[in-house]
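What follows is each chain in one-letter form.
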Amino acid sequence: MNRHLFEGTGTLIRFILRRDRLRLPIWLASFIAISVIVAIAFAGLYQTNAERLAIAETMQNPAVIAMLGPGYGYGLENYPIGAITAHEMLLMTAIVVGLMNILLIIRHTRTDEEDGRIEMVRSLPVGRLSNLLSVLVVLTGVNILLALLLGFSLTVLGIAGMGLEGSLLYGSALGASGMIFAGVAAISAQLSSNARSTLGLAFTILLVSYIIRVVGDLRNETLSWFSPLSWVLRTEVYVNNYWWPILLTVSVALLLMGIALYLNSIRDLGSGFIPSRSGKEKASKTLLSSFGLVFRLQRTGLIVWGIGLLVVGVIYGSLFGELETYFDEIDLMQQMVILVEGFSLTEQFIPLLMSIIAILSTIPVLMSILKVKTEEKNDRLEHLISRAVSRNRLMGSYLTMSILTGFVMLTLSSIGLGVMGNIVMEENLSFGIYYSAAMVYFPAILTMIGVAVLLFGWASKWTGLVWLYLALAFFIVYMGSLFQFEDWVEKLTPFGYIAKIPIEEMDYWSSAIMITVAISLIVIGMIGFHRRDIGR
């Protein structure tokens, strides 16, 4: 009987591979290309052991530990370039690999279920668990392939200190991270009753994992063991090359996948174990407007992301009390960092932290505006427009919601940063400094909204490019100080035009230009949306 539960799995595996024949190679090639480029760049930047030890010492900074995790191997006579690469890249790449797995699992489970494809597949001679098992098998294979390709790609570079074992371990850490979040997404798909809730639940678990790791690495190491993101950092790649964290991560991932398969076997198609709340007998007056409907549909996501960014602000703010002490105790840091006269060290760290927070804040903003594409894909947009709702009014509702989301995210993160920062510091900064340092990024977020609307209006199939553009912005901001990019590289994204408040004066001219560009992109995008057929 059990054999029939998995009947047709091989056929479905081939079907998934055919559907993702472009998507999967692009993901894999992107991970390998970025990792190889970064490794080569670091090898060129830090050629002597003294330079590598100097950069290693900067990694003991609490702010760096919060963002990247704890460093290791500081006592080595010859600090390897691989350790620098792993410390700078492993955690952030693991998060992106986790995102890839979450998105692909949801695409082939809950989204297909909502669109009726799973019901059609089950009408054929296919087992009850075949679809979920085939997705998990494909993604497990993709993560293993990523580990092997990445390991061999880094090895053939021939960089000293980046041998075969360390490179395979680096790739395995990323692959194991992907597997565990594939398991998380698979369970989320069984608990939630639709794709939107599944995405929110899986993203929340990923965000909570990151927050637990940050708090644990800074305050209590025991707490870090509750985050799978912390496990892969314990591999100490290219120094001690511990494999047991990989075994732990893979074991937990397989356990999660097994639980997901069991839940799938006892769940009715179209339902979830977390039941949807029954609606009120009469709709609220707020739902009589298109904006009210959009706000109601995105309210939960707004609250979850708002709490998450508030917590991120609190965590980063808790570091400010230790920055001055850290700098006072380490002579090398005082020699490396040139302080801007008239500003404290904390004031000079605020722009760096805010640039990262602003990019994180852009994620829920883009998710909000791109919900309109999801509604169109599921044929709900056509239903709304067929009533007394114009395209401009409907699009305006999504625009208002995304702009409101950006404003709320920046406000909450600055509140968390400012309140906690002033609690831990002896000399407080005015809240206006924190708030202005955050809101200065608002024009950049508006520009990203403009890019999303432009793509949706004229080339809706390519709206995913805006995520690649945001990833490019993150790469430039995140790696800019290490790679010392030329100015024109930083200007490739709107985040490169932002003044570093409070150590720089507000650049009203750049902000005005970005707002003008954002409005222009939105108008052009809405013209395209008004002209094209819905569903194309």
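In this numbering scheme, every chain counts its residues from 1 along its sequence in written order. In keeping with the model being predicted, local features are shown solely for residues with a pLDDT of at least 70 and side-chain atom pairs are shown and tallied solely at 80 or more, while totals for entire chains, interfaces and linings include all residues. The side-chain figures draw on all heavy atoms in the structure; neither hydrogens nor water molecules are used.

As named in an unreviewed UniProt entry, the protein chain is ABC transporter permease, taken from Planococcus halocryophilus.

Novice: Explanation requested: the packing of helix 18 (residues 345-369) against helix 23 (residues 442-458) in the structure shown.
Specialist: Relative orientation and spacing of two packed helices are given, respectively, by the angle between their axes and the distance between those axes. Lines are fitted to the C-alpha atoms to define the axes, a helix being fitted only along its stretch in contact, and any angle between axes, read from their N-to-C directions, falls within 0 to 180 degrees. Put simply, DSSP marks the helices as runs of H or I at least four residues long and the strands as runs of E at least two long, and each gets a number from the N terminus on. As a packed pair, helix 18 and helix 23 sit with axes 10 Å apart at the nearest point and diverge in direction by 35 degrees. Crossing hand, helix 18 versus helix 23: right-handed. Across the interface between the two elements, Ala-358, Ser-361, Thr-362, Val-365, Leu-366 and Ile-369 of helix 18 pack against Ile-445, Met-448, Ile-449, Ala-452 and Val-453 of helix 23. Gly falls in the polar group here, along with every residue not listed as nonpolar (Ala, Val, Leu, Ile, Met, Phe, Trp, Tyr, Cys, Pro) or charged (Asp, Glu, Lys, Arg). Its residues placed into classes, the contact of helix 18 with helix 23 shows nine nonpolar, two polar and no charged. Note on convention: the crossing is left-handed when the near helix lies turned anticlockwise from the far helix by less than a right angle, right-handed when the turn is clockwise. Contacts are residue-level and defined by heavy atoms, with any inter-residue pair within 4.5 Å sufficient.

Novice: Whenever I open this one, the domain arrangement of the protein chain confuses me. Can you help?
Specialist: Interfaces are often sized by the accessible area lost when the parts come together. The domain boundaries here were taken from an automatic or database domain assignment. On domain assignment, one finds that the protein chain holds domain 1 (9-266) and domain 2 (285-531). Between domain 1 and domain 2, the contact holds 33 residues from the first and 27 residues from the second. Taking both partners together, domain 1 and domain 2 bury about 2700 Å²; carbon and sulfur atoms supply 73% of that area. A pairing counts as a salt bridge when a side-chain nitrogen of Lys or Arg comes within 4 Å of a carboxyl oxygen of Asp or Glu. At the boundary of domain 1 with domain 2, the tally comes to zero salt bridges. What counts as buried area is the accessible surface, traced by a 1.4 Å probe, that two parts surrender upon association, with contributions from both included.

Novice: Can you help me understand the side chain of Ser-510 in this one?
Specialist: Structurally, Ser-510 can be placed in helix 26 (residues 508-531). We define a polar contact as two N or O atoms separated by no more than 3.5 Å, with the added condition that, inside protein, one atom must be a possible hydrogen donor and the other a possible acceptor, whereas residues neighbouring each other in sequence contribute only through side-chain atom pairs. Engagement of the side chain of Ser-510 in a polar contact is seen with the side chain of Asp-507, the distance being 2.7 Å.

Novice: What is the right way to look at the packing of aromatic side chains in this model?
Specialist: Each aromatic ring pair is specified by the distance between its two centres and by the angle formed by the two planes. Stacked, edge-to-face and tilted are the three classes for Phe, Tyr and Trp ring pairs, Trp counted by its six-membered ring, which pair at centre distances within 6.5 Å; planes under 30 degrees apart are stacked, over 60 edge-to-face, the rest tilted. Tallied over the entire structure, the rule returns seven aromatic pairs. Their ring planes at 20 degrees and their centres at 5.9 Å tell us that Phe-431 and Tyr-435 sit as a pair that is stacked. Of this pair, Phe-431 and Tyr-435 are both found in helix 22 (residues 431-439), four residues apart, which corresponds to roughly one turn of the helix. Three exposure classes are used, based on accessible area relative to the maximum for each residue type with a 1.4 Å probe and protein chains only: buried under 20%, partly exposed in between, and exposed over 50%. Judged by relative accessible area, Tyr-435 falls into the partly exposed class, the value being 26%. One residue, Lys-491, lies across the ring of Tyr-497, its end atom 4.9 Å from the ring centre. A ring has a charge above it when a Lys NZ or an Arg CZ is no more than 6 Å from the ring centre and no more than 35 degrees off the ring normal.

Novice: I keep staring at the environment of Asn-220 and nothing clicks. Help me out?
Specialist: Tracing the chain through its elements places Asn-220 in the loop between helix 11 (195-218) and helix 12 (221-224). A relative accessible area of 40% places Asn-220 in the partly exposed class. In this structure the side chain of Asn-220 is engaged in a polar contact, spanning 3.0 Å, whose partner is the backbone nitrogen of Thr-222.

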